[in-house]
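An overview of the molecular structure
What follows is the residue order along each chain.
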Amino acid sequence: MSSAATVSAGPGPEPSPVDLLRRLRAHSAGDPVTHVERVPARAGVPAPWPPWAPPELREAFARRGVVAPWRHQAEAATLAYDGGHVVLATGTASGKSLAYQLPSLATLLADPRATVLYLAPTKALAADQLRAVAGLELEGIRPACYDGDTPRAEREWIRRHSRFVLTNPDMLHHGILPGHAQWSGFLRRLAYVVIDECHTYRGVFGSHVAHVLRRLRRQCARFGATPVFVLASATSGDPATAAERLTGLPVTAVTEDASPRGGVTFALWEPPLLPPDSSAAASPAPTQAAGGHDDVPDLIQVRRSALRETADLLADTVAEGVRTLAFVRSRKGAEVVAASARRALDEAVPGLGKRVAAYRGGYLREERRELERALLHGDLLGLASTNALELGVDLIGLDAVLICGYPGTRASLWQQAGRAGRSGQEALAVLVARDDPLDTYLIHHPEAIFGAPVEATVLDPANPYVLAPQLACAAVEAPLTPADLTLFGDGAKEAIDELVAAGALRQRPTGWYWRHRERPEVDLRGEGGAPVCVVESATGRLLGTVDGGSSHFLLHPGAVYLHQGVSYVVDELDLADGCALVHAEEPDWSTHARDVTDLSVVSVRSYVDAGPVGMFLGEVDVTSQVVSYQRRRIATGEVIDTRPLDLPTRELRTVAVWFTLSPQSLTAAGVQAPDVPGALHAAEHAAIGLLPLMATCDRWDIGGLSTAVHPDTEAPTVFVYDGHPGGAGFAERAYGTASAWLRATRDAIAECGCETGCPSCVQSPKCGNGNNPLSKPDAIRVLDVVLANLPA
């Protein structure tokens, strides 16, 4: 096992990526590396400056070190300058920003009245782009960020005087469009709308943003403006179609990357198996829940956690003097990795730990900006971050990237890996596998990472649970007219009729009018309501925020909450006031919330009758409730106890894919009646874990339920559903790729080396039933029956 104390932290030449990987492997028990991929360096193909680029703009770029554009930059910039909507979908660090800065800034210099609106999915990216545009020092542009952190005193000045406004979809939705009268001068002269990192707009969030952009186009048209849309995306499948669904406009894609790239050594890393005495006790006694019943113990964890492995790797690379960014999937995980790395470094060299920090959403503005500055200036050598820094923030000089767990899509994987070596130097990227089916499958099937095309972005603007609220917002901004039905697309008329029937809209000869005084409350990110404030009870200090959808899991009474490496325990969660009170405490345990779920079928959209097997797609109602939480020893993962919770239920109408099997087919396959629940339960867990291989989703975006006899199907059934109201397109994707999805699921279970099931194949970290019952061998038999009968 790795330990920072084993590594010299003294000055010396920085190791090459290959040498660094060799040293990291030497510090681990056994050889954790399952595959090393060498991504070769690539020479760039420059192009001349377009003839329309003004001399002062070319000189400004030259001062920044840009002598000439790369071919893809010039191609996309010229398409946009000529009035075409364009999406540039190329790799990380390929210079996508110049492709939209060049035409937009050239237009601003040529027309002193023109304006540009730039949209970024994160505040960090908008702040980075503000630095880049302001650094060009062009007269009369006056770039400014307009977001939730902007002081109110500055907002009026920005509306009146800035010609290059940088914001995010949330602020466009909550601030700019509702206040369109105050923005009329800016919108009337709007020449370009830049949508950066547009591949992040997927699922429910992407569907909402698609309608926010249609509302923007609607307001611009009222003021006589028809801006050009320029989109920048990571490499993705079919970027033109995704961009057209996002904007509602015809879009040309530029995908040939002509930028130079340094070589990348990309390692797949499987944490070592824990010796029996290092995991939870081999046969832990059942723990008594406060409610008085015996709680079934979780099966033991068989591999060292990816968080601990990533923390040690981060400590090792920092001790080597290597500037490293570790991507961790959760806020809590980022805090744990940073705190563990700091402890290991301070044990090796006192004081070295202060050169590692965590970065995540929920921090206050001042904390975020200081962390960004410290990393850019080299004060920090290591940063454990959520995907808040995945996007195009220009972190110059990073040497290594650690990715703690597969980020859900190949697009995100390459985006994160591309953070290293951004100045063209050689770099190291390491994917540290979590103990779950998808990660285990990928690190033993490297062709699924390095030989497969990047996924297409999934979004569904016709989702009625998105479309109706967005039409309500549009009606507040200006009465809806028949012409708007085409703008908002399929389902718009039906959604308007439902709003009229519900009393939200009133139809008049001139259109449909909003009937209420207050605006509709619409959450773009589908995060389950307003954020919950985390407040230290002793001082009243605001520590941060957690989105409403996660509050039941992260801020329930008794939960351990981490902020900047400091642990707090939640005393009280007041959902009505959106506030959680906490006190500082350093317990030696972590908390893990558990929920229970019921599901009923509402309707069937499509189905395949395959004899003893049926495959279905349709609407379902899901009722879930967080009912308890486990406390587990941090050092071993041992379950201390399970404590009940009394939190309200949540109801969700969404889209699901499900398959049924006849009892006779299961018996013929060797699955006996008492083993059917465990067989279906194990297949459900693995299927959820492998779905991100087919769709641009995260396993936390989807849920599942399995039962030996479901009342609506009257058969053994496995459901997998989208975790968002109205669905997010993931279940449709699963239905369309069912054979390939379930084949990969079956292979992942069968190829796992465990005997009875483990987190690498059939156990789930979010199971509300404590991963019981589960039957690995019978899950394989279930999937064999499905695959034998389901048409390819």
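In this text, all values refer to a predicted model and were calculated from it rather than measured experimentally.

Within the protein chain, the secondary structure is distributed over 25 helices and 29 strands. On C-alpha atoms alone, the protein chain measures out to a radius of gyration of 27 Å, which is about the 28 Å that the 2.2 N^0.38 rule sets for 792 residues. Considering only C-alpha atoms, the protein chain reaches an extent of 75 × 75 × 60 Å along its principal axes. Looking at the protein chain as a whole, 58% of its 792 residues qualify as buried. Relative to all contacts within the protein chain whose residues are 6 or more apart in sequence, the contacts with residues 24 or more apart total 74%. Approximately 30500 Å² of the protein chain is accessible, and the part contributed by carbon and sulfur atoms is 53%. In the protein chain, which carries 72 positive and 91 negative side-chain charges, the distance between the mean positions of the two groups comes to 7 Å.

Turning next to the packing of helix H24 (residues 738-751) against helix H25 (residues 776-789). Packing of H24 against H25 brings their axes to within 10 Å, and their N-to-C directions diverge by 155°. Judged on the interaxial angle alone, H25 and H24 are roughly antiparallel. By crossing handedness, the relation of H24 to H25 is classed as left-handed. Two secondary-structure elements touch here, H24 through Ser739, Leu742, Arg743, Thr745, Arg746, Ile749 and Ala750 and H25 through Lys776, Ala779, Ile780, Leu783, Asp784, Val786 and Leu787. Residue composition of the contact of H24 with H25, grouped by class: 8 nonpolar, 2 polar and 4 charged.

Those residues of helix H10 (residues 239-247) lying buried are Pro239, Ala240, Ala242, Ala243, Leu246 and Thr247. Buried residues of H10, viewed axially, fall in a sector of 165°; they line one side. Those residues of H10 that are buried are in contact with strand S2 (86-89), strand S6 (190-195), helix H9 (203-222), strand S7 (228-233) and strand S8 (252-254). Two residues or fewer after H10 comes glycine 248, characterised by a positive phi angle close to 75°.

Take the packing of aromatic side chains next. For the coordinates displayed, the defined rule picks out 12 aromatic pairs. Here tyrosine 146 and tryptophan 183 contribute two aromatic rings whose centre-to-centre distance is 4.9 Å and whose plane-to-plane angle is 85°, an arrangement assigned as edge-to-face. Residue tyrosine 146 is located in the loop between strand S4 (143-145) and helix H6 (152-161), and its partner tryptophan 183 is located in the loop between helix H7 (169-176) and helix H8 (184-188); the two are separated by 37 residues in the primary sequence. Residue tyrosine 146 is classed as buried on the basis of its relative accessible area of 4%. Of the residues examined, tryptophan 183 reaches a relative accessible area of 0% and is grouped as buried. Residues tryptophan 658 and phenylalanine 719 carry aromatic rings whose centres are separated by 5.4 Å and whose planes lie at 40° to one another, so their mutual orientation is tilted. Here phenylalanine 719 lies in strand S29 (residues 717-722) and tryptophan 658 lies in strand S27 (residues 650-661), a separation of 61 residues in the sequence.

This paragraph deals with the packing of helix H4 (residues 96-110) against helix H5 (residues 123-135). Packing of H4 against H5 leaves a shortest axis separation of 12 Å and a crossing angle of 50°. Judged by the inter-axis angle, H4 sits oblique to H5. For the pair H4 and H5, the crossing hand works out as right-handed. Contact residues: Ser97, Tyr100, Gln101 and Leu105 in H4; Gln129, Ala132 and Val133 in H5. The class makeup of the residues in the contact of H4 with H5 is 4 nonpolar, 3 polar and no charged.

Glancing now at the sheet that holds S6. Spatially, S4-S5-S3-S6-S7-S2-S8 is the arrangement adopted by the 7 strands of the open sheet, whose pairing is parallel. If you trace the sheet from one side to the other, it starts and ends with S4 and S8, each paired once. Taken pair by pair, the neighbouring strands of this sheet meet at an average axis angle of 15°, ignoring direction. Here strand S3 (residues 115-119) runs beside strand S5 (residues 164-167); their pairing, made up of 4 bridges, is parallel. Bridge assignment links leucine 117 to a residue of S5, and that residue is valine 165.

It is worth spelling out the nonpolar core at this point. Taken as a class, soluble globular proteins show a tendency for nonpolar side chains to be buried jointly. If you look at the biggest cluster of nonpolar residues, it comprises 119 residues, and the most contacted ones within it are Phe266, Leu314, Trp741 and Leu742. The element best represented in this core is helix H22 (residues 676-690), accounting for 9 residues. The contact partners of leucine 742, leaving out residues within four places of it in the chain, are Met615, Phe659, Ala687, Leu783, Val786 and Leu787. Leu105, Leu138, Val230 and Val254 belong to the second largest nonpolar core, which has 38 residues in total.

Let's shift gears to H9. Over its 20 residues, H9 extends 29 Å from the first C-alpha to the last, a length consistent with the 28 Å expected when each residue adds 1.5 Å. Where burial is concerned, most of H9 is hidden: 17 out of the 20 residues are buried. Glycine 224 sits one or two positions beyond H9 and adopts a positive phi of about 85°.

With that out of the way, let us pick up the pattern of salt bridges. All chains considered together, the criterion is met by 26 salt bridges. Of the charged contacts in the structure, one is a salt bridge between aspartate 484 and arginine 218, with a shortest N-O distance of 3.1 Å. Taken together, the residues span a long stretch of sequence, with aspartate 484 in helix H18 (residues 482-488) and arginine 218 in helix H9 at a distance of 266 residues. Among the charged side chains, a network of salt bridges with common partners joins Glu156, Arg159 and Arg160.

The subject of this paragraph is the side chain of threonine 167. Turning to its location among the elements, threonine 167 is positioned in strand S5. A distance of 2.6 Å separates a polar side-chain atom of threonine 167 from the backbone oxygen of tyrosine 146. Excluding residues within four positions of it along the chain, threonine 167 makes contact with Leu117, Tyr118, Leu119, Ala120, Tyr146, Leu172 and Ile176.

Turning next to the state of the cysteines. This model, assessed by the stated rule, comprises 0 disulfides. Take cysteine 754: it sits in no disulfide, and the sulfur closest to it among the cysteines is that of cysteine 761, at 3.6 Å. Taking the relative accessible area as the measure of exposure, cysteine 754 reaches 21% and is therefore partly exposed. Of all cysteine sulfurs in the structure, the one in cysteine 752 sits closest to cysteine 758, which takes part in no disulfide; the separation is 3.5 Å. Note on cysteine 758: relative accessible area 3%, which makes it buried.

The next point concerns the side chain of glutamine 470. Structurally, glutamine 470 is set in helix H17 (residues 464-477). A relative accessible area of 0% places glutamine 470 in the buried class. Each residue touching glutamine 470, except ones within four places of it in the same chain, is listed here: His173, His208, His211, Val212, Arg215, Val522 and Leu524.

Looking now at the pairing of strand S17 (residues 505-508). Relative to strand S18 (residues 511-514), S17 runs antiparallel, the two sharing 4 bridges. Of the residues in S18, the one forming a bridge with arginine 508 is glycine 511. Linking two consecutive strands that pair antiparallel, namely S17 and S18, is a turn of 2 residues.

On the surface, Asp571, Glu572, Glu585 and Glu586 cluster together into a patch of negative charge. Mapped onto the fold, glutamate 572 is located in strand S22 (residues 566-574).

Our focus in this paragraph is the sheet that holds strand S16 (residues 427-432). The mixed open sheet is built from 7 strands, whose spatial order is S1-S9-S16-S15-S12-S14-S13. Two strands close off the open sheet at either side, each with one partner strand: strand S1 (33-39) and strand S13 (356-359). For this sheet, the mean inter-axis angle between neighbouring strands, taken without regard to orientation, is 15°. Taken together, the 6 bridges between strand S9 (residues 264-269) and S16 define a ladder with parallel strand orientation. Opposite phenylalanine 266, over in S16, you have alanine 429 as the bridge partner. Contacts from helix H1 (residues 17-26) reach S1, S9, strand S15 (400-404) and S16 within the one sheet, and its direction differs from that of S9 by about 20°. Against the sheet, helix H11 (residues 306-319) engages S9, strand S12 (324-328), S13, strand S14 (382-385), S15 and S16, with an angle of about 170° to S15.

The rules behind these values
Residues numbered from 1 in each chain as written. Predicted model: local features only at pLDDT ≥ 70, side-chain atom pairs only at ≥ 80, totals over all residues. Heavy atoms only, no water. Helix = DSSP H or I, 4+ residues; strand = E, 2+ residues; numbered from the N terminus. Rg over C-alpha atoms; globule rule 2.2 N^0.38 Å. Buried < 20%, exposed > 50% of the residue type's maximum accessible area, 1.4 Å probe, protein only. Contact = heavy atoms within 4.5 Å. Areas by Shrake-Rupley, 256 points an atom, 1.4 Å probe, with all protein chains shown as cover. Lys, Arg positive; Asp, Glu negative; His and termini not counted. Charge placed at Lys NZ, Arg CZ, Asp CG, Glu CD. Axes fitted to C-alpha atoms, helices over the stretch in contact; angles between N-to-C directions. Parallel < 35°, antiparallel > 145°, perpendicular 65-115°, else oblique. Left-handed = near helix turned anticlockwise from the far one by under 90°. Nonpolar A, V, L, I, M, F, W, Y, C, P; charged D, E, K, R; others polar. Arc of directions from axis to C-beta. Phe/Tyr/Trp six-rings, centres within 6.5 Å; stacked < 30°, edge-to-face > 60°. Pairing = 2+ DSSP bridges. Core = buried A, V, L, I, M, F, W, Y, C linked by side-chain atoms within 4.5 Å. Expected span 1.5 Å × (residues − 1). Salt bridge = Lys/Arg side-chain N within 4 Å of Asp/Glu carboxyl O. Polar contact = N/O pair within 3.5 Å; in protein donor to acceptor, adjacent residues only side chain to side chain. Disulfide = S-S within 2.5 Å. Patch = residues over 30% accessible without salt bridge, like charges linked within 9 Å, V, L, I, M, F, W, Y side chains within 5 Å.

Limitation: the analysis is restricted to geometry and does not speak to function.
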